[in-house]
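Structural overview
Spelled out, the chains give:
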Number of protein chains: 2
Amino acid sequence: MPNAAVHPLWGSLALDRAARESLQDQIVGHFRDAILSGQIPAGRRVPSSRQLSNELGVSRTTAIEAYDRLTAEGYLHSKNRAGLFVCELLPEDFLHGGPAPPKRPNFNQDDDAQLALPFDPRRHRMPLAPGMPAVDQFPWKHWTRLSLQVLRERPIDALYYGDPRGEYALRSAIAEYIGEARGIICAPDEVIIVSSSKHGVDIATRLLASTGDKILLEEPGHPLNHQMAKSSGLVPVPIMLDDKGLDIAEARRQAPDARLAVVSPSHQYALGTTMNLDRRLELLQWAERSDGWIIEDDHDGEYRYSGPPLAPLFTLDRSERVIYIGSFSNLLAPGLRMGYIVAPPSLARSFLLMGASMVSILEQMVVARFIEGGKLAAHLRRMRGLHSNRRELLIDALARHASDILEVGTAPEAGMRLTVHLPDRDDDRAIAQRAVDAGVFVHPLSIYYSGPSRKSGLVLGFASTAEEDIEPAVKILASIIRSAD
Amino acid sequence: MPNAAVHPLWGSLALDRAARESLQDQIVGHFRDAILSGQIPAGRRVPSSRQLSNELGVSRTTAIEAYDRLTAEGYLHSKNRAGLFVCELLPEDFLHGGPAPPKRPNFNQDDDAQLALPFDPRRHRMPLAPGMPAVDQFPWKHWTRLSLQVLRERPIDALYYGDPRGEYALRSAIAEYIGEARGIICAPDEVIIVSSSKHGVDIATRLLASTGDKILLEEPGHPLNHQMAKSSGLVPVPIMLDDKGLDIAEARRQAPDARLAVVSPSHQYALGTTMNLDRRLELLQWAERSDGWIIEDDHDGEYRYSGPPLAPLFTLDRSERVIYIGSFSNLLAPGLRMGYIVAPPSLARSFLLMGASMVSILEQMVVARFIEGGKLAAHLRRMRGLHSNRRELLIDALARHASDILEVGTAPEAGMRLTVHLPDRDDDRAIAQRAVDAGVFVHPLSIYYSGPSRKSGLVLGFASTAEEDIEPAVKILASIIRSAD
């Protein structure tokens with residue numbers, strides 16, 4: 001029989017002692033829901049663990065551990081020994097930028113917490129926001145000229161449905177571009193236009209795997225990969241990364257029957273690791289032997305600053321088992337919502353079937369001319385220098401102001417983000433929350449993990465941060481970490 | 001033990017007499033694969049049924065029936081009593097505009113056949129191509145002016161990721177527009193921008209249903225709905241339509257535990273039926289009582305020509321169980337790849353989690369201004385008159401030239417397409433194939449069915465066909481039907 005306690009603050013908490021769910025889980029779940037629904041408002045002090053244990057008739061240990069979990073997960077924080085308080089910015093705010101949705105019977109709240117990255121444009125303009133190139137350098141002049149050129153031609157083809165793989169002119173321009181930029185030799189018909197690298201991962205996954213198939217994901221990695229796999233009826237198997245990338249031996253042990261692996265070898269999404277050559281070859285061998293597929297997310301592989309240039313998995317693949325994904329989010333700007341898949345020849349036609357094209361044809365025409373006219377290559381040369389400089393400034397500032405509290409480790413050889421660890425702290429969500437409040441937008445590393453075993457750290461974006469903003473932002477961040485309880 | 005026969009033309013056909021699959025199914029499957037893979041080329045004559053029965057050691061009846069099925073399905077056609085030949089244009093060509101992809105172990109060939117609609121722009125410009133508004137009347141001048149206006153402002157917000165629900169300005173403009181146009185009262189935050197109505201159905205489905213859930217689909221209906229549901233791990237349950245729309249009593253019988261229904265009540269996707277009010281209320285009651293959801297695809301509900309205007313399900317809904325979907329494909333042009341979802345308030349925030357936005361932010365800004373400035377309303381007024389006139393011309397031409405061979409039935413009260421039945425023929429794919437060869441692009445009705453019980457007919461688009469092309473196209477179509485074997 002449930003044991004109910006009604007409290008003016010936390011409402012009716014009915015513990016079911018016969019349930020499979022532990023009492024601790026029930027308490028954590030109740031508080032989480034009450035906080036997310038606003039029933040317990042932000043900033044409010046919660047009862048002491050002693051009071052909770054008395055009122056609910058549970059052991060003191062159960063009450064303390066429940067509160068510890070709520071604190072570790074970023075729902076509660078302790079303040080000046082005055083007790084525990086509901087956080088102003090909740091884990092869900094980092095994930096989708098606002099209070100959580102109402103809980104619905106067929107939504108999995110655990111999934112929901114993993115879903116999306118923040119979207120508030122005001123925040124994205126803050127220093128150190130990850131995931132964006134130097135959009136302050138967007139080539140507006142050329143872009144406007146080419147847009148006007150296309151519009152004045154009144155291209156009737158831009159109004160019809162078009163080829164589901166995307167416009168031929170764009171696919172052809174991309175094929176030429178990635179030949180030079182990434183050594184990928186392919187025909188235009190092996191290129192498929194998608195709206196982002198995540199959209200590319202989604203359609204490739206749905207094309208290659210069937211309901212119930214296991215899919216290997218990087219842990220930590222992009223939370224949406226996990227969620228999208230689940231919403232396609234697949235079983236995500238997160239594989240803990242080591243310093244060389246996805247641990248394939250571990251993957252074989254955990255899921256010998258996995259059908260698909262999603263990896264970011266150039267620059268791992270969460271940790272910034274570059275997968276070494278041995279590991280690349282081992283992964284390809286896995287795919288060949290297990291009749292599996294590899295989705296290579298090369299979303300920011302173009303920005304390489306140090307270390308030997310490593311061939312994409314796609315170019316090392318001898319058995320047509322790699323699907324390559326690139327994105328204009330990082331080449332130009334996320335707001336374009338444009339990316340591409342390169343499929344091996346034997347698979348390319350299958351993408352027709354997904355009716356994939358979700359991208360404005362007019363805008364595809366503009367991007368095609370931007371690439372064909374050599375503007376993209378020129379833009380990228382500039383961006384690479386600019387990003388490299390901003391990366392150096394960030395590394396220097398971290399060394400100067402935060403070397404005692406943040407572990408930078410090996411700086412990433414590529415990409416647009418740098419992940420630092422918080423060796424002495426496990427409250428990266430609380431720290432990130434305070435940083436956002438202070439105008440510095442960083443991601444807590446722990447949100448990239450899908451499982452319980454998480455490292456504490458911060459993901460810093462350097463590419464979109466103006467040079468003069470980098471050192472001040474690092475100073476703010478360091479003082480927040482130092483002053484945190 | 002398999003009984004193998006190697007033939008110079010059809011290769012190695014290994015019949016397995018112990019298999020659960022009948023010999024006839026095996027023969028049909030083998031020929032279908034060999035034709036789709038190009039192993040048996042288009043135009044080639046296949047062996048006689050007598051020869052087939054001898055070489056394979058199967059009964060003559062089995063051979064004849066296998067060939068009959070391949071003919072009915074559009075892979076073979078008989079020519080001047082000279083025998084059976086492989087069709088030039090295969091069923092798959094209607095579906096995705098090219099030869100089929102290589103068969104892969106984990107692709108379901110049955111699904112593949114249902115997948116996408118044709119995309120060849122040359123074909124889409126042919127008379128009677130369904131699924132498009134009068135794109136010859138696209139408002140290029142206003143569009144170009146607004147695009148240039150936006151570009152000259154160099155809006156930095158257009159470069160960031162933006163709100164996953166889409167730009168606020170556009171969501172706000174749509175909320176106002178559908179209030180006037182469709183009587184739907186909603187807040188901007190209940191509108192979510194998607195790249196097409198199919199994309200809207202896809203994300204709503206994935207948000208509302210879990211792996212293994214049953215989803216009610218209209219039969220016939222959009223083939224992609226069926227496919228997308230399967231690729232999300234759901235179980236599609238096609239419900240045969242009657243003249244009032246989806247038969248809810250039948251749905252209750254076939255799938256009492258279904259979680260979701262996808263319907264097009266204003267103008268049914270394949271047959272053009274308008275769902276009557278009783279049926280609408282019955283469907284809403286189903287959702288309430290069974291804790292289910294309804295996805296209302298109102299892709300061309302704006303174009304209404306006759307009959308009483310019926311309220312969208314969304315406005316009749318009292319329990320927040322309807323998700324409404326509209327599309328700019330039909331309001332402006334498919335090439336924009338833009339549509340929208342309206343979610344009930346209690347559900348709207350959940351769409352944040354899908355990270356749905358897949359649409360260029362710059363283009364969202366242009367569309368927002370197009371709506372705000374009153375240009376969309378003016379454009380639609382013009383389109384409605386134009387489409388209505390083209391519809392009349394098509395109905396007249398059919399009455400004059402094809403009343404003896406085509407059954408028009410009740411002309412659709414709304415939308416941009418007209419479905420005619422072929423009461424005396426069951427070879428709608430072969431007829432559609434010849435029509436395309438003759439420059440008239442119509443869809444065979446049978447491709448909209450997912451099950452074996454199919455009606456034969458043709459789906460004709462009138463909205464995008466120039467007035468002067470309508471009668472000649474109908475004449476060509478009539479002569480093809482008359483002259484078909």
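Bear in mind the structure is a predicted one, so any value in this text is a computation, not a measurement. Within each chain, residue numbers correspond to sequence positions counted from 1 in written order. Whichever chain is written first becomes A and whichever ligand is written first becomes 1, with later ones labelled in order. Local features in this predicted model are restricted to residues of pLDDT 70 or higher, and side-chain atom pairs are both shown and tallied only at a pLDDT of 80 or more, whereas totals for entire chains, interfaces and linings draw on every residue. Only hydrogens and water are set aside; all other atoms, that is, all heavy atoms of the structure, feed into the side-chain values.

**Comments concerning the overall build of chain A**
Counted only if it meets this: Think of it this way: any DSSP run of H or I at least four residues long counts as a helix, any run of E at least two long counts as a strand, and we number them from the N terminus. Contacts: residue pairs with any heavy atoms within 4.5 Å of one another. Areas reported as accessible are Shrake-Rupley estimates using a 1.4 Å probe. Residue values count occlusion only from the protein chains shown.
For chain A, the count of helices and strands is 19 helices and 15 strands. Sequence separation of 24 or more characterises 70% of the internal contacts of chain A that already satisfy a separation of 6 or more. For chain A, the exposed area adds up to about 17400 Å²; of that, 49% sits on carbon and sulfur atoms.

**Topic: the packing of helix H2 (residues 49-56) of chain A against helix H3 (residues 60-72) of chain A**
All names here are of chain A. Cut-off, in case you're wondering: Fitting a line to C-alpha atoms yields each axis, with helices limited to the stretch in contact; the angle taken between N-to-C directions then spans 0 to 180 degrees. Oblique is the label for any angle not under 35 degrees, not over 145, and not in the 65 to 115 range, which are roughly parallel, roughly antiparallel and roughly perpendicular in turn. Crossings are sorted by hand: turned counterclockwise from the far helix by less than a right angle, the near helix makes the crossing left-handed, and turned clockwise it makes it right-handed. In this count, Pro and Cys sit with the nonpolar residues alongside Ala, Val, Leu, Ile, Met, Phe, Trp and Tyr, while Asp, Glu, Lys and Arg are called charged and the others, Gly among them, polar.
Interhelical geometry of H2 versus H3 gives an angle of 125 degrees and a closest axis separation of 8 Å. Comparing their axes, H3 and H2 come out oblique. Handedness of the H2/H3 crossing: right-handed. Across the interface between the two elements, Ser-49, Arg-50, Leu-52 and Ser-53 from H2 touch Arg-60, Ala-63, Ile-64 and Tyr-67 from H3. Considered class by class, the residues forming the contact of H2 with H3 number four nonpolar, two polar and two charged.

**Remarks on the pattern of salt bridges**
Note on pairing: side chains with opposite charge can pair once their charged atoms come close. As a reminder, the rule being used: Criterion for a salt bridge: a side-chain nitrogen of Lys or Arg within 4 Å of a carboxyl oxygen of Asp or Glu. Think of it in three bands: residues with accessible area under 20% of the maximum for their type are buried, residues over 50% are exposed, and the middle band is partly exposed, with areas taken using a 1.4 Å probe on protein chains only.
Here the structure, examined in full by the defined rule, presents 50 salt bridges over all chains. Between Arg-390 of chain A and Glu-467 of chain A there is a salt bridge; the shortest N-O distance is 3.0 Å. On the criterion of sequence distance, the pair formed by Arg-390 of chain A in helix H17 (residues 375-402) and Glu-467 of chain A in helix H19 (residues 467-483) is long-range, its members being 77 residues apart. Taking the relative accessible area as the measure of exposure, Glu-467 of chain A reaches 28% and is therefore partly exposed. For Arg-259 of chain B, the salt bridge is made with Asp-213 of chain B, and the minimal N-O distance between the two is 3.7 Å.

**What about the packing of aromatic side chains?**
What counts here: Stacked, tilted and edge-to-face are the three classes assigned to paired rings of Phe, Tyr and Trp, where Trp is represented by its six-membered ring and a pair needs centres within 6.5 Å; plane angles under 30 degrees give stacked, over 60 edge-to-face, the rest tilted. By the criterion adopted, a ring carries a charge over it if an Arg CZ or a Lys NZ lies within 6 Å of its centre and within 35 degrees of its normal.
For the structure shown, the criterion picks out 16 aromatic pairs over all chains. Judged by centre distance (6.1 Å) and plane angle (65 degrees), the ring pair of Tyr-305 of chain B and Phe-462 of chain B falls under edge-to-face. Of the two residues, Tyr-305 of chain B sits in the loop between strand S10 (293-297) and helix H13 (313-316) while Phe-462 of chain B sits in the loop between strand S15 (457-461) and helix H19 (467-483), which places them 157 residues apart along the sequence. The exposure classification of Tyr-305 of chain B matches that of Phe-462 of chain B, with both residues buried. In this structure an aromatic cluster arises from ring pairing among Phe-138, Trp-140, Trp-143 and Phe-370 of chain A. The ring of Tyr-269 of chain B has Lys-198 of chain B sitting right over it, with the charged end atom 5.4 Å from the ring centre. Over the aromatic face of Tyr-269 of chain B sits the side chain of Arg-417 of chain B, whose NZ or CZ is 4.3 Å from the ring centroid.

**Quick word on unusual backbone geometry**
Cis geometry is found at the peptide bond from Glu-219 of chain A to Pro-220 of chain A, where omega equals 0 degrees. Within the secondary structure, Pro-220 of chain A is located in the loop between strand S6 (214-219) and helix H10 (223-231). Positive phi, normally seen in glycine, also occurs at Asp-291 of chain B, with a value near 55 degrees. Assignment of secondary structure puts Asp-291 of chain B in the loop between helix H12 (277-290) and S10.

**Quick notes on the sheet that holds strand S11 (residues 322-327) of chain B**
Residue and element names in this part refer to chain B. Rules: Should DSSP find at least two bridges between two strands, the strands are regarded as paired.
Pairing is mixed in the open sheet, where eight strands are placed in the order S5-S12-S11-S10-S9-S6-S7-S8. What marks the edges here is a single partner per strand, and that holds for strand S5 (191-194) and strand S8 (245-246). By the bridge criterion, four bridges tie strand S9 (residues 260-263) to S10 in an arrangement that is parallel. By the bridge assignment for S10, Leu-260 is matched with Trp-293. Running over the sheet, helix H8 (residues 168-182) touches S5, S11 and strand S12 (339-342) and is turned about 105 degrees from S5. Contacting strand S6 (214-219), strand S7 (235-242) and S9, helix H10 (residues 223-231) crosses the sheet at an angle of about 160 degrees to S7.

**Considerations on the sheet that holds strand S14 (residues 443-444) of chain B**
Residue and element names in this part refer to chain B. Taken in spatial order, the three strands line up as S13-S15-S14 in an open sheet, and their pairing is antiparallel. Strand pairing shows two members of the sheet lacking a second neighbour, strand S13 (417-421) and S14, which therefore form its edges. Across two bridges, S14 lies against S15 in antiparallel orientation. Considered in S15, the bridge of His-443 is made with Val-459. Together, S13 and S15 form the strand contacts of helix H17 (residues 375-402), whose direction differs from that of S13 by roughly 15 degrees.

**A short note on the environment of Leu-277 of chain A**
Residue and element names in this part refer to chain A. In this fold, Leu-277 is placed in helix H12 (residues 277-290). C-alpha of Leu-277 to C-alpha of Ala-181: the two residues are 96 residues apart in sequence and 19 Å apart in space. Other than its neighbours up to four places away in sequence, Leu-277 contacts Leu-310 and Leu-316.

**Some remarks on the environment of Thr-62 of chain A**
Residue and element names in this part refer to chain A. Considering the arrangement of structural elements, one finds Thr-62 in helix H3. Judged by relative accessible area, which is 17%, Thr-62 ranks as buried. Spatially, the C-alpha atom of Thr-62 lies 9.6 Å from that of Leu-52, the residues being 10 residues apart in sequence.

**Observations concerning the environment of Ser-483 of chain A**
All names here are of chain A. If you trace the backbone, Ser-483 turns up in helix H19. By relative accessible area, which is 56% here, Ser-483 ends up exposed. For the pair Ser-483 and Leu-241, spaced 242 residues apart in the sequence, the C-alpha separation amounts to 31 Å.

**Notes on the confidence of the model for chain A**
In low-pLDDT regions, the fine details of the predicted coordinates are not to be read closely. Residues and elements named next belong to chain A. Definition in use: Confidence of the predictor in every single residue is expressed as pLDDT, which spans 0 to 100.
Mean pLDDT over chain A: 85, with 88% of residues reaching 70 or higher. Residue range residues 1-6 is modelled with pLDDT below 50. Its contacts to residues more than four positions away, or to other chains, number 20 contacts. Taken together, the stretch residues 94-119 has pLDDT below 50 and engages in 89 contacts with residues farther than four places along the chain or on a different chain. Quick note on the complex model: pTM equals 0.78, ipTM equals 0.78.

**Focus on the side chain of Asp-298 of chain B**
Residues and elements named next belong to chain B. So the rule is basically this: For the purposes of these results, a polar contact is taken to be a pair of N or O atoms within 3.5 Å, where, inside protein, one atom must be able to donate a hydrogen and its partner to accept one; residues adjacent in sequence count only when each atom of the pair is a side-chain atom.
The residue Asp-298 is located in the loop between S10 and H13 in this model. Take Asp-298: its relative accessible area is 1%, and that puts it in the buried class. A distance of 2.8 Å separates a polar atom in the side chain of Asp-298 from a polar atom in the side chain of Arg-182. Asp-298 has contacts with Arg-182, Ser-266, Tyr-324, Ile-325 and Gly-326, leaving out every residue within four places of it along the chain.

**A look at helix H9 (residues 197-208) of chain A**
How we decide: A helix is expected to reach a length of 1.5 Å times the quantity of its residues less one.
Helix length check: H9 of chain A, at 12 residues, gives a terminal C-alpha distance of 16 Å against a target of 16 Å (1.5 Å per residue), a fit within 8%. What H9 of chain A keeps buried is the set Ser-197, Lys-198, His-199, Gly-200, Val-201, Asp-202, Ile-203, Ala-204, Thr-205, Arg-206, Leu-207 and Leu-208 of chain A.

**Some words on the pairing of S10 of chain B**
Residues and elements named next belong to chain B. Put simply, the rule reads: The definition of a right-handed crossover adopted here requires that, viewed with the strands pointing away, the path from the first strand over the helix to the second runs clockwise.
Burial runs high along S10: five of the five residues are buried. Across the two faces of S10 the burial is the same, with Trp-293, Ile-295 and Asp-297 and Ile-294 and Glu-296 all buried. A crossover connection joins S9 to the parallel S10 through H12; in handedness this β-α-β unit is right-handed. Both S10 and S11 contribute to a ladder of four bridges, which runs parallel. Directly across from Asp-297, in S11, lies its bridge partner Ile-325.

**A short note on the packing of H17 of chain B against H19 of chain B**
Residue and element names in this part refer to chain B. The N-to-C vectors of H17 and H19 enclose an angle of 35 degrees; their axes lie 9 Å apart at closest approach. In terms of crossing hand, the pair formed by H17 and H19 is right-handed. In this structure, H17 uses Leu-386, Asn-389, Arg-390, Leu-393, Leu-394, Ala-397, Leu-398, Arg-400, His-401 and Ala-402 to contact H19, whose residues at the interface are Glu-467, Ile-470, Glu-471, Val-474, Lys-475, Ala-478 and Arg-482. For the contact of H17 with H19, the residue count by class is nine nonpolar, two polar and six charged.

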